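# A structural walkthrough
Single-letter residue listing:
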Amino acid sequence: MDLGVRWRLHGDGRTPAPGAVVRPDERLSWPRTFGLGAQHVVAMFGASFVAPVLMGLDPNLAIMMSGVATVIFLLATRGRVPSYLGCSLSFVGVAAVIRAQGGSSATVTGAVFVVGAALFLVGLAVQRFGARIIHAAMPPIVTGAVVMLIGFNLAPVTAATYWPQDQWTALFVMLFTGLAVVCLRGFWSRVAIFLGLIFGYALSWLLDAVFGKIHSLDGSGKLTDHWRLDLSAVGHADWIGLPSFHAPSFEWSAILVALPVVIALVAENAGHVKAVGEMTGDPLDDKLGTAISADGAASMLSTAVGGPPNTTYSENIGVMAATRVYSTAAYWAAAAFALLFGLCPKFGAVVAAIPGGVLGGITVILYGMIGLLGAQIWINAEVDLRNPLNLVPAAAGIIIGVGNVSLNFTDNFSLSGIALGTIVVITGYHVLRAFAPAHLKTQEPLLDEGTSKYDDEQPK
């Protein structure tokens, strides 16, 4: 059985020829391959650091399980889809909602485990019936609206939790990160979040040294005098050790909040497979279902031991585009590095010490970018928001999701925010479409352009 773990040497193993690419089944020399693997790890560091901290989960375990998830993905796709799987930011919002309802880390990981199982089943369905079933149930207007409300639902977390801890650090980190994203080029622009973290650490240390403790809200929400950067836990942490594991706990209220993220994960995976296929010149439509199910299986394994869910990372697509090296050998090397980082508790303590003001500055941009990915889906699919069939369900669902509107059924059961907004978008669109006059139901393509070939002659 070909598991995609054999690579032929590309050229002399040193540098790709002008205009050439290193294909997934090729590699450069092993020292260069490991160097590229380290570069991929750095590229995913920013989001993979921030996401578990924002979700209240162990960053050491997150990094370790990202390496395990990447190995699962590479084996499942037989080495045809180069990808790194890191902690998904799409779940940050639902984790915040679950914790606000009194949920523990076990409750968060239990809810996300169910999402991983649902994603796995979606992948199997795509393998069996093709990508058309996804786009028939979740056309771009629905997918874009759900992604948008997931991102914008996070705004109160930044405004009420992180920004007040140190507003001036948050402001300067926001400005620095924004400049890094816009002004830097190539690889450096892909690690702008990581650079923002480094800048925030340095700025917090400097402000502590010059001005002393700050009088503001701390991480628990209490108004106290505290250091911006507290590294006391780093000194007590071991250099080598296992991260902390815990079993998931399942509660229906938390599961219903988390399930809508399946839509965002399907969109992320489809976009990744599409992008890699275009860059490598190898049509990967037949691997879409496999990629989705592999992502789901990897997330199930991670959350089963207390880690966060995982998904394909666009930052690493950027590294491939910049280097023109698509070798899956580099991703195996990246997975090995991640496993080693996961076995260093001192490393996790450094990550856990990220100052609240730094998170405030980064999340202002990060959460907004997540939300605006929904708008990008609409733009790419040329969704017509002048059509009330598109406009009404999207508008209603987004306001419900962002405003955290609630619908109470009993004293013990209610739907609100992300869950209720997603239900309104999906059911609203299909119900309205069933009753809408014919002139509003102009046929949209069942597949995003470039995702697959088998609907090229779909009537418009």
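The structure presented is a predicted model; accordingly, all values stated were derived computationally and were not measured.

The rules behind these values
Residues numbered from 1 in each chain as written. Predicted model: local features only at pLDDT ≥ 70, side-chain atom pairs only at ≥ 80, totals over all residues. Heavy atoms only, no water. Helix = DSSP H or I, 4+ residues; strand = E, 2+ residues; numbered from the N terminus. Buried < 20%, exposed > 50% of the residue type's maximum accessible area, 1.4 Å probe, protein only. Contact = heavy atoms within 4.5 Å. Expected span 1.5 Å × (residues − 1). Arc of directions from axis to C-beta. Patch = residues over 30% accessible without salt bridge, like charges linked within 9 Å, V, L, I, M, F, W, Y side chains within 5 Å. Areas by Shrake-Rupley, 256 points an atom, 1.4 Å probe, with all protein chains shown as cover. Salt bridge = Lys/Arg side-chain N within 4 Å of Asp/Glu carboxyl O. Axes fitted to C-alpha atoms, helices over the stretch in contact; angles between N-to-C directions. Parallel < 35°, antiparallel > 145°, perpendicular 65-115°, else oblique. Phe/Tyr/Trp six-rings, centres within 6.5 Å; stacked < 30°, edge-to-face > 60°. Left-handed = near helix turned anticlockwise from the far one by under 90°. Nonpolar A, V, L, I, M, F, W, Y, C, P; charged D, E, K, R; others polar. Core = buried A, V, L, I, M, F, W, Y, C linked by side-chain atoms within 4.5 Å. Domains from an automatic or database assignment. Polar contact = N/O pair within 3.5 Å; in protein donor to acceptor, adjacent residues only side chain to side chain.

## A word on the overall build of the protein chain
- Check the secondary structure of the protein chain and you find 20 helices and 8 strands.
- Within the protein chain, the proportion of its 460 residues that are buried is 53%.
- For the protein chain, contacts bridging at least 24 residues in sequence account for 78% of all contacts bridging at least 6.

## Some words on helix α19 (residues 388–403)
- With 16 residues, α19 extends 22 Å between its outermost C-alpha atoms, agreeing within 8% with the 22 Å of an ideal straight helix rising 1.5 Å per residue.
- If you check which residues of α19 are buried, you get Leu-389, Asn-390, Pro-393, Ala-394, Gly-397, Ile-398, Ile-400 and Gly-401. Along the axis of α19, the buried positions cluster into a sector of 165°, meaning they face one direction only. Summarising the geometry of α19, the exposed residues directed more than 90 degrees from the buried face are Ile-399 and Gly-403.
- Here the buried face of α19 lies against α6 (140–152), α18 (356–381) and α20 (417–435).
- One or two steps after α19, the chain reaches Asn-404, where phi turns positive at roughly 60°.

## As for a nonpolar patch on the surface
- Together, Trp-205, Leu-206, Val-210 and Phe-211 give the surface a local cluster of nonpolar side chains, amounting to about 490 Å² of exposed area.
- Mapping Val-210 onto the fold places it in helix α10 (residues 192–211).
- Given the relative accessible area of 54%, Val-210 is considered exposed.

## A word on the packing of α6 against α18
- One way to put it is that α6 packs onto α18 with a least axis distance of 6 Å and a crossing angle of 170°. Between α6 and α18, the angle is such that the two are roughly antiparallel. From α6, Pro-140, Ile-141, Thr-143, Gly-144, Ala-145, Val-147, Met-148, Gly-151 and Phe-152 reach across to α18, where they touch Tyr-367, Gly-368, Ile-370, Gly-371, Leu-372, Leu-373, Gly-374, Ala-375, Ile-377, Trp-378 and Ala-381.

## A closer look at the packing of aromatic side chains
- The full count for this structure, using the stated rule, is 5 aromatic pairs.
- For the ring pair Trp-30 and Phe-34, a centre distance of 6.1 Å and an interplane angle of 45° mean the geometry is tilted. Of the two residues, Trp-30 and Phe-34 are both situated in helix α1 (residues 30–55); the distance of 4 residues between them amounts to about one turn of the helix.
- In this structure Phe-34 comes out as partly exposed when scored by relative accessible area, which is 40%.
- Both rings, one in Phe-34 and one in Phe-337, keep their centres 6.3 Å apart while their planes meet at 85°; by these two values the pair is edge-to-face. On the criterion of sequence distance, the pair formed by Phe-34 in helix α1 and Phe-337 in helix α16 (residues 328–342) is long-range, its members being 303 residues apart.

## Overview of unusual backbone geometry
- If you check the backbone angles, Arg-78 has positive phi at about 55° while not being a glycine.
- Its location among the elements puts Arg-78 in the loop between α2 (59–76) and β3 (85–87).
- We note that Glu-382 has phi near 55°; this positive angle belongs to a residue other than glycine.
- On the secondary structure map, Glu-382 appears in the loop between α18 and α19.
- When its relative accessible area of 69% is taken as the criterion, Glu-382 is described as exposed.

## A look at the packing of helix α8 (residues 167–183) against α10
- Here α8 crosses α10 at 150°, and the two axes come no closer than 9 Å. Viewed along their axes, α8 and α10 adopt a mutual orientation that is roughly antiparallel. Crossing handedness for the pair α8 and α10: right-handed. Mapping the contact onto sequence places Thr-169, Phe-172, Val-173, Phe-176, Thr-177, Ala-180 and Val-181 in α8 and Ala-192, Ile-193, Leu-195, Gly-196, Phe-199, Gly-200, Leu-203, Ser-204 and Leu-207 in α10.
- Partitioned by chemical class, the residues of the contact of α8 with α10 number 11 nonpolar, 5 polar and no charged.

## Some thoughts on the nonpolar core
- Ranked by internal contacts, the top residues of the largest apolar core, which has 98 residues, are Met-55, Phe-91, Val-92, Tyr-367 and Trp-378.
- The residues that make up this core include at least three from each of domain 1 (24–163 + 239–356) and domain 2 (384–440).

## Some points on the side chain of Thr-33
- Inspection of the secondary structure assignment puts Thr-33 in helix α1.
- Setting aside residues no more than four positions away along its own chain, Thr-33 makes contact with Arg-27, Leu-28, Ala-329, Ala-330 and Ala-333.

## Side note on the pattern of salt bridges
- According to the stated counting rule, one finds 6 salt bridges in the structure shown.
- A salt bridge links Asp-166 to Arg-228; its shortest N-O distance comes to 3.2 Å. Of the two residues, Asp-166 sits in the loop between α7 (155–162) and α8 while Arg-228 sits in the loop between β5 (223–226) and α11 (232–236), which places them 62 residues apart along the sequence.
- Judged by its relative accessible area of 5%, Asp-166 is buried.
- According to the relative accessible area criterion, Arg-228 is buried, its value standing at 13%.

## Describing the environment of Gly-428
- Structurally, Gly-428 can be placed in helix α20.
- Judged by relative accessible area, Gly-428 falls into the buried class, the value being 17%.
- Placed 38 residues apart in sequence, Gly-428 and Asn-390 show a C-alpha to C-alpha distance of 9.6 Å.
- With residues near it in sequence (within four places) discarded, Gly-428 still touches Pro-393 and Ile-423.

## Considering the side chain of Ser-327
- Considering the arrangement of structural elements, one finds Ser-327 in the loop between α15 (314–323) and α16.
- A distance of 3.1 Å separates a polar side-chain atom of Ser-327 from the backbone nitrogen of Ala-329.
- Excluding its chain neighbours within four sequence positions, the residues that come into contact with Ser-327 are Trp-7, Val-22, Arg-23, Pro-24, Glu-26 and Arg-27.

Function cannot be read off these values alone, since they describe shape.
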